Amino acid sequence: MDRFVIEGAKRLKGSVPVNGSKNAALPVLIATLLTDEPCVIENVPRLRDIRTTLRLLETLGKRVSMERHRVSIEGGRRLLTRAPYDLVKEMRASVLVAGPLLARFRKVRVPQPGGCAIGLRPVDIHVRAFQAMGASCENEGGDLVITARRLQPCRLRLRFPSVGATENVMMAAAAIRGTTVISNAAREPEIEDLADFLCELGAGVTGAGTSEVRVEGRDRLHGASHRVIPDRIEAGTFLIACAAAGGDVTLRGVEPAHLGAVLAALKKAGVSVTRTDGGLRVVSRGRPRPVSIRTEPHPGFPTDLQAPWMAFMCVARGASRICEDIFERRFMHAAELARLGAWVAFEGNRVTVRGVPALQGASIMASDIRAGAGLVVAGLAASGKTEVQRVYHIDRGYERIERKLRRLGARIRRLG
Ligand code: EPZ
């Protein structure tokens, strides 16, 4: 199992490009199940979760090839409608195959994803939405079996703006004739990217990025090419890493409009972030001011950057509070940060962090993608040697993070 060895407390300097977004690429790749015609998706990051998605598409009957950051997908007349458990348990986003397969074949069987390191993560909102469209959903031996004699466009309201449920319904609605209106929809930029792709396939989608999305479905969708949006979470991780370690870093190809809450928090912390031509420049020196955050659906502070932010606040000049309102147990990194000398106290879904002058290197362990990224941020800020174990979690969401950090002068090595 790979681990990172970081010699921290070194300022970062230089410029790195931002990859395509994992969480935008996943639904876009899965949406190719909606058509028999070839699709080409550009700017796809080379990550474990992407490889799992491509394997899933192949298992279902697509022909897939990936060259650098470009994925070509063909075939589809005779797709299977059953997703295998070994892929779904590796990656919860596999549940997104339900929408397109249900719309095209009127039945689909997907294993229930089960809980994971950050929370219970049920799929009831997806299920309710499919039921509103006329489907019936049963649990058979741990699998969710969804069938519909006729899938109907309708008006439906999600009880919470779930990203995955919004995407699943949008994909199902795109392949049935008529208008589906989703209210209390998720407003994340990844929803807008999926909407753009569905339009490129021939559906009509309006309102993506607002809480009411209208999908004008078609009987038949055609092939398309699409370029995935930049990864706001990767970009945010690098901004916070530079803020925590100190330095002067420019991120290229980032979309600042997707990072509003993060940029505002960095500014409050005393970090300078300015727009450059096609990028963002972050300059940070000294310890930050403490800034409390609460994670919220977009455009609020993203839960996926909560762990990096907590790591950053560990060296602030005072106490801050971190409230996690999206997932119920996304604090596994807090105890690891304490091993580096951080002062953290839990109370339900809140953590109080009292900044210390410096963190000290130690051996720590990643428990999920973003917790792992938070530990890397802490290791870059800490003096001495930090070993981050279970790097495979980080590899699910960051393409060779250590290479990019080395380009910025960080002393970080991957050891097998
Ligand atoms: C997406 O997960 C992202 N994953 C997550 O990124 C991200 O943390 C999350 O959105 C929130 O922004 C992908 O895009 C592949 P949700 P998703 O449905 O769609 C509850 C990462 O590190 N809920 O908006 O699963 C759920 O339990 C990952 O890249 C229900 O109760 O998120 C959670 O508490 C991790 N019932 C909350 O809603 C449901 O049916 C938000 O979940 C669905 C969700």
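Residues numbered from 1 in each chain as written. Predicted model: local features only at pLDDT ≥ 70, side-chain atom pairs only at ≥ 80, totals over all residues. Heavy atoms only, no water.

A. Layout of unusual backbone geometry. Following H298, the chain continues to P299 via a peptide bond in cis, the omega torsion being 15 degrees. Structurally, the position occupied by P299 is in the loop between β17 (293–294) and α10 (306–313). Unusually for a residue other than glycine, R68 sits at a positive phi of about 50 degrees. By the element assignment, R68 lies in the loop between β4 (63–67) and β5 (70–74). For R68, a relative accessible area of 69% gives the class exposed. One non-glycine residue, R390, adopts positive backbone phi at about 60 degrees. Note on placement: R390 falls in the loop between β22 (385–389) and α13 (392–395). (Helix = DSSP H or I, 4+ residues; strand = E, 2+ residues; numbered from the N terminus. Buried < 20%, exposed > 50% of the residue type's maximum accessible area, 1.4 Å probe, protein only.)

B. Seen up close, the sheet that holds strand β3 (residues 39–42). If you walk across this open sheet you meet the 4 strands as β4-β5-β3-β13, and the pairing is mixed. Every other strand in the sheet has two partners, leaving β4 and β13 (225–227) as the edge strands with one partner each. Recorded for the sheet is a direction-independent mean angle of 15 degrees between the axes of neighbouring strands. Pairing of β3 with β5, which is carried by 3 bridges, proceeds in the antiparallel orientation. Bridge pairing in β5 places C39 opposite I73. Against the sheet, helix α2 (residues 48–60) makes contact with β4 and β5, and its axis sits at roughly 155 degrees relative to β4, the strand it touches most. (Pairing = 2+ DSSP bridges. Axes fitted to C-alpha atoms, helices over the stretch in contact; angles between N-to-C directions. Contact = heavy atoms within 4.5 Å.)

C. The side chain of T237, seen in detail. Mapped onto the fold, T237 is located in helix α8 (residues 232–245). If sequence neighbours within four positions are ignored, T237 has contacts with L305, P308, A373, V377 and Y398.

D. Spatial organisation of the pattern of salt bridges. A full pass over the atoms with the stated rule returns 22 salt bridges. The partner of R177 in a salt bridge is D219, with the nearest N and O atoms 2.6 Å apart. Within this pair, whereas R177 is found in the loop between α6 (163–174) and β10 (178–183), its partner D219 is found in the loop between β12 (212–217) and β13, the two being separated by 42 residues in sequence. Assigned by exposure class, R177 and D219 land together as exposed. Between D395 and R414 there is a salt bridge, with its nearest N and O atoms 2.8 Å apart. One end of the pair, D395, is in helix α13; the other, R414, is in strand β23 (residues 411–415), and 19 residues separate them in sequence. No difference in accessibility class separates D395 from R414, as the two residues are buried. A network of salt bridges, in which partner residues are shared, links D2, D395, R400, E402 and R414. (Salt bridge = Lys/Arg side-chain N within 4 Å of Asp/Glu carboxyl O.)

E. Representation of the pairing of strand β15 (residues 272–276). For β15 and strand β16 (residues 279–284), the ladder comprises 5 bridges, and the chain directions are antiparallel. Residue T276 lies in a different strand from β16, and its bridge partner there is G279. Linkage of β15 to β16, two consecutive antiparallel strands, is achieved through a turn of 2 residues, within which G278 is found at a positive phi near 75 degrees.

F. Focus on the packing of helix α1 (residues 22–31) against helix α7 (residues 189–201). Remark: α1 packs on α7, axes separated minimally by 9 Å, with the N-to-C direction vectors making an angle of 25 degrees. As the angle between them shows, α1 and α7 are arranged roughly parallel. Considering how the two elements wind past one another, α1 and α7 form a crossing that is right-handed. The residues of α7 that touch α1, namely those facing N23, A24, P27, V28 and A31, are E190, D193, L194, F197, L198 and L201. (Parallel < 35°, antiparallel > 145°, perpendicular 65-115°, else oblique. Left-handed = near helix turned anticlockwise from the far one by under 90°.)

G. Up close: the domain arrangement of the protein. The assigned domain composition of the protein is domain 1 (3–19 + 230–415) and domain 2 (22–227). Here domain 1 and domain 2 have C-alpha centroids that lie 30 Å from each other. Domain 1 puts 24 residues into the contact, and the matching count from domain 2 is 23 residues. Each partner contributes to the roughly 2100 Å² buried at the junction of domain 1 and domain 2, and carbon and sulfur atoms together form 52% of this total. In this structure, the connection of domain 1 to domain 2 is made through 2 salt bridges. With its nearest N and O atoms 2.7 Å apart, the salt bridge here joins D49 to R396. Applying the counting criterion to the domain 1 and domain 2 interface returns 8 residue pairs in polar contact (both at pLDDT 80 or more). Those elements giving two or more residues to the side of domain 1 that touches domain 2 turn out to be α12 (369–381) and α13. (Domains from an automatic or database assignment. Buried area = accessible area lost by both parts, 1.4 Å probe. Polar contact = N/O pair within 3.5 Å; in protein donor to acceptor, adjacent residues only side chain to side chain.)

H. Broad picture of α12. Here α12 is 13 residues long and its end C-alpha atoms lie 19 Å apart, about the 18 Å a rise of 1.5 Å per residue gives. Counting buried positions along α12 yields 13 of 13 residues, so the element is predominantly enclosed. The N-cap residue of α12 is D368: its side-chain oxygen and the backbone nitrogen of R370 are 3.0 Å apart. (Expected span 1.5 Å × (residues − 1).)

I. Focus on the site of the ligand. Not every one of the 23 residues close to the ligand is listed here, only the nearest: I125, S162, D304, I326 and R370. S162 is positioned with one of its side-chain polar atoms (N or O) 2.7 Å from an oxygen atom of the ligand. V163 places a main-chain nitrogen or oxygen 2.8 Å from an oxygen atom of the ligand. Look at the ligand: alone it shows 830 Å² of surface, and the protein chains cover 87% of it. Mapped by element, the contributors of at least two residues to the shell around the ligand are α1, α5 (124–132), α6 and α12. In terms of residue class, the shell around the ligand is made up of 11 nonpolar, 5 polar and 7 charged. (Near = heavy atom within 4 Å. Areas by Shrake-Rupley, 256 points an atom, 1.4 Å probe, with all protein chains shown as cover. Nonpolar A, V, L, I, M, F, W, Y, C, P; charged D, E, K, R; others polar.)

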